[in-house]
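Residue strings, one per chain:
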Amino acid sequence: MTNRLAKTKSLYLRKHAENPIDWWPWCDEALATAKAQDKPIFLSIGYSSCHWCTVMEGEAFSDQAIADYMNANFLPIKVDREERPDIDSIYMQALQMMTGQGGWPLNAFLSPEDLVPFFAGTYFPLEPKYNRPGFLQVLQALRNYYDTEKDDLRERKAVIVESLLTSAVLQGEANQEAQEGELLQKGWETNTGVITPNQYGNSFPMIPYAELALRGTRFNFPSRYDGKVSTQRGLDLALGGIYDHVAGGFHRYTVDPTWTVPHFEKMLYDNGQIVEYLANLWSAGVEEPAFKRAVAGTIAWLQREMTAPEGYFYAAQDADSFTTPEEQEPEEGAFYVWSYAELEQLLTTAELTELQQQFTVTPKGNFEGKIVLQRRQPGILSATVESALGKLFVARYGSTADALDIFAPARDNQEAKSANWPGRIPSVTDTKMIVAWNSLMISGLARAAAVFSESLYLDIAAKAANFILEHQFIDGRFHRLNYQGEATVLAQSEDYALFIKALLDLQAAQPENRFWLEKAIALQQQFDEFLWSVELGGYFNTASDASQDLIVRERSYADNATPSANGVAIANLVRLSLLTDDLHYLDLAEAGLKAFKSIMSSAPQACPSLFTALDWYRNSTLIRSTTEQINTLIGQYLPTTAFSVVANLPDNSVGLVCQGLKCLPSANTVEMLLQQVQQSQNRA
């Protein structure tokens, strides 16, 4: 017997379709029913590749006693955070206010009349353990509280609402005396410190922080941090166990500070950002062979496993997979790890010996008796080791990499267990298309194409971008998701901001092609119409006509696993002003930075992308030159530079360099042009 979620398109929601809990999707009918029946709402938010979401689904949400009590006393609603990041953002803030920390699954209890949360948590075990109460105890206590403590409930909700509203309007005074240059230096210093290697905790890519750290190296700011921290982040990523050295692609994060053992899901958004970052490191002069290998391997994985026939990119691959079709539950990392005995069986003695010299391979392993491959040093891998990795690829996929153009995804656990796989049973792939995440990969591909002169990368990016342009508009409005050809859910600020950036990045890789710029201009107009805050500045998360069921309308400024929408959007506005000579864009960028100046001053560690936008605003540079001349420059690291192809230049000139609102004398040599560009980009 299935519940309502069986009819939804979300893989995450459908994973709960056979729960005995009478789940609703988030919809007007569900909210109205809760209010009519005076039932508190149990809101549970997660995503398909979330490990602890999967654990809770198999434990508490599959328990009949919990379901009976839940169905009688609450109205349970499931939300896929990848579909509705606006809902997730609000209740994640509430969770962090209540507990001091966040994470998924996000489980919140809401008052039905106003949707204000009065309690929230993450994973609740079936039985009391891990110093946490059993889930049934939690439900019973909270229903009793809701029924008997109405005064305290009202006071508690009032505090939450006030905090959410205060956060939404960003109350607080910026240091008006602080100059923009000082603010930029403070932002660089603080955020470089965030990614400085430490000896504790998990290791996340945190690319918005790494990108800002790399940008700041050109200023030679005095700092207690080593400016090489951005290079170290690239090495950790390209050499560590977070990278799949056998088949390409980056895992979500590692559970240790040594970048060794990953949490094995692969998310499109991480991979797009990392590809762009490694390409930027290379263009900045850090030509480490491991960077180029990781970029090429990741794009090969993208083509093989993450690209739909129509050209768009899938969202994610799970961390868990089955080792046999008979298993009831998948194992974390099973698709990716190796036993020492397997390596002895698959490789020659010489191959295994050399693999041990270049990777952390020991009989005891480094992950529950198994081996996660991690490189010991940078450089070029030997032919012997590449041969060994090729054999491991065959063992995993049942074919050589050269012969395997497409590896069809397993779209759910049943497909994974029932298909006749020639190698291992793969992880489940979430095949939905998310505009924001596709945009991050398009940007990565466009940058890698320019840096490594690989036209194939640009072709892949252009095909994905064209799919979005052709399929994500309904009645002229931009939409966020696509399920097997059907667009759905109005686009949110991150979709607009990141896709406009992707279009501008495609234009930067092909400056003579104005098609991408024209599409960016048209989409920016819609973004401004429906999401710009005239009163406060900056962009709301959701459109003006799609926010009726939200208790607050937020303007996201914080960077998380993806860059903040407002940080990216403001940088886009500066780029558009350079490429169009339309100062309206610059006015909006200035208003956006002013709107977030208080948070940039008081909590710079929260918003590295806003400092990247400030860098664009202060150091914006436009090069006007011929196609031939610009093509020699686009692969260099010029992080606040836009390119415009012009047919006519002054006599004996190779190009014009413009700084914001003024242009420098025309350069008559390439050396002079580069000198002007470098000076222009370092005005801070």
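Just above, that's the structure.
Residue numbers restart at each chain and count upward from 1, following the sequence in its written direction. Per-residue local features are limited, in this predicted model, to residues with pLDDT of at least 70; the limit for side-chain atom pairs, both in listing and counting, is 80 or more; totals at the level of whole chains, interfaces and linings are taken over all residues. Based on all heavy atoms of the structure, the side-chain values leave hydrogens and waters out of the count.

### So, the environment of Asp244
Piece 1. To qualify as a helix, a DSSP run of H or I must reach at least 4 residues; to qualify as a strand, a run of E must reach at least 2; elements of each kind are numbered from the N terminus. By the secondary structure assignment, Asp244 is in the loop between helix H10 (229–239) and strand S6 (253–254).
Piece 2. Relative accessible area decides the class of each residue, using a 1.4 Å probe on protein chains only: under 20% of the type maximum gives buried, over 50% gives exposed, and in between gives partly exposed. On the accessibility criterion, Asp244 (4% relative accessible area) is buried.

### Focus: the sheet that holds strand S20 (residues 662–663)
Strand pairing in a sheet is mediated by backbone hydrogen bonds. Such pairs are either parallel or antiparallel.
Piece 1. Pairing between strands is defined by DSSP: at least two bridges between them are needed. Spatial ordering of the open sheet is given by S18-S17-S19-S20, a layout of four strands whose pairing is mixed. For this open sheet the edge positions go to strand S18 (641–645) and S20, each flanked by a neighbour on one side alone.
Piece 2. Two elements, strand S19 (residues 656–659) and S20, share two bridges in a ladder whose sense is antiparallel. Within S20, the residue paired with Cys658 across the bridge is Cys663.

### Describing the packing of helix H21 (residues 565–580) against helix H22 (residues 583–595)
Piece 1. To obtain each axis, a line is fitted to C-alpha atoms, and for helices this fit is confined to the stretch in contact; angles are then taken between N-to-C directions over 0 to 180 degrees. Where H21 meets H22, the axes come as close as 8 Å, and the angle between the chain directions of the two elements is 160°. Considering the angle they form, H21 stands roughly antiparallel to H22. Where H21 crosses over H22, the handedness of that crossing is left-handed. Contacts from Ile570, Leu573, Val574, Leu576, Ser577 and Thr580 of H21 reach H22 at Tyr585, Leu586, Leu588, Ala589, Gly592 and Leu593. If an angle is under 35 degrees, it is roughly parallel; if it is over 145, roughly antiparallel; if it lies from 65 to 115, roughly perpendicular; otherwise it is oblique. Put simply, a crossing is left-handed when the front helix is turned counterclockwise from the back one by less than a right angle, and right-handed when it is turned clockwise. Contacts between residues were defined by any pair of non-hydrogen atoms, one from each residue, lying within 4.5 Å.

### Some details on the pairing of strand S4 (residues 106–110)
Piece 1. With five of five residues buried, S4 lies mostly within the body of the structure.
Piece 2. Neither face of S4 is exposed, since Leu106, Ala108 and Leu110 on one face and Asn107 and Phe109 on the opposite face are all buried.
Piece 3. With five bridges connecting them, strand S2 (residues 41–46) and S4 associate as antiparallel partners. Residue pairing in the sheet places Ile45 in a bridge with Leu106 of S4.
Piece 4. Two elements, S4 and strand S5 (residues 117–121), share four bridges in a ladder whose sense is antiparallel. Residue pairing across strands places Leu110 opposite Pro117, the latter belonging to S5.
Piece 5. Where S4 hands over to S5, the hairpin turn is made up of six residues, of which Leu115 adopts a positive phi near 65°.

### Describing the state of the cysteines
Note on terminology: a disulfide is the covalent bond linking the sulfur atoms of two cysteines.
Piece 1. Cysteine sulfur atoms that come within 2.5 Å of each other are treated as a disulfide pair. In this structure the tally under the stated criterion is two disulfides.
Piece 2. The disulfide bridge from Cys50 ends at Cys53, spanning 2.3 Å between sulfur atoms. The S-S bond linking Cys50 to Cys53 shows a torsion near 80°; that makes this disulfide right-handed. Across this residue pair, the class does not change: Cys50 and Cys53 are buried.
Piece 3. Each sulfur in the disulfide pair Cys658 and Cys663 lies 2.0 Å from the other. Note on the Cys658 and Cys663 pair: the S-S dihedral is about 85°, so by sign convention the disulfide is right-handed.
Piece 4. Shown here for the chain is a disulfide pattern of 1-2, 3-4, where each number marks a bonded cysteine counted in sequence order.

### Here's the deal with the sheet that holds strand S9 (residues 316–317)
Piece 1. On the basis of which strands lie adjacent, the open sheet formed by three strands has the order S8-S9-S12 and antiparallel pairing. Only two strands of the sheet have a single neighbouring strand rather than two, namely strand S8 (266–267) and strand S12 (429–430).
Piece 2. Across two bridges, S9 lies against S12 in antiparallel orientation. When the bridges of S12 are listed, Gln317 appears paired with Thr429.

Structural measurements only, silent on function.
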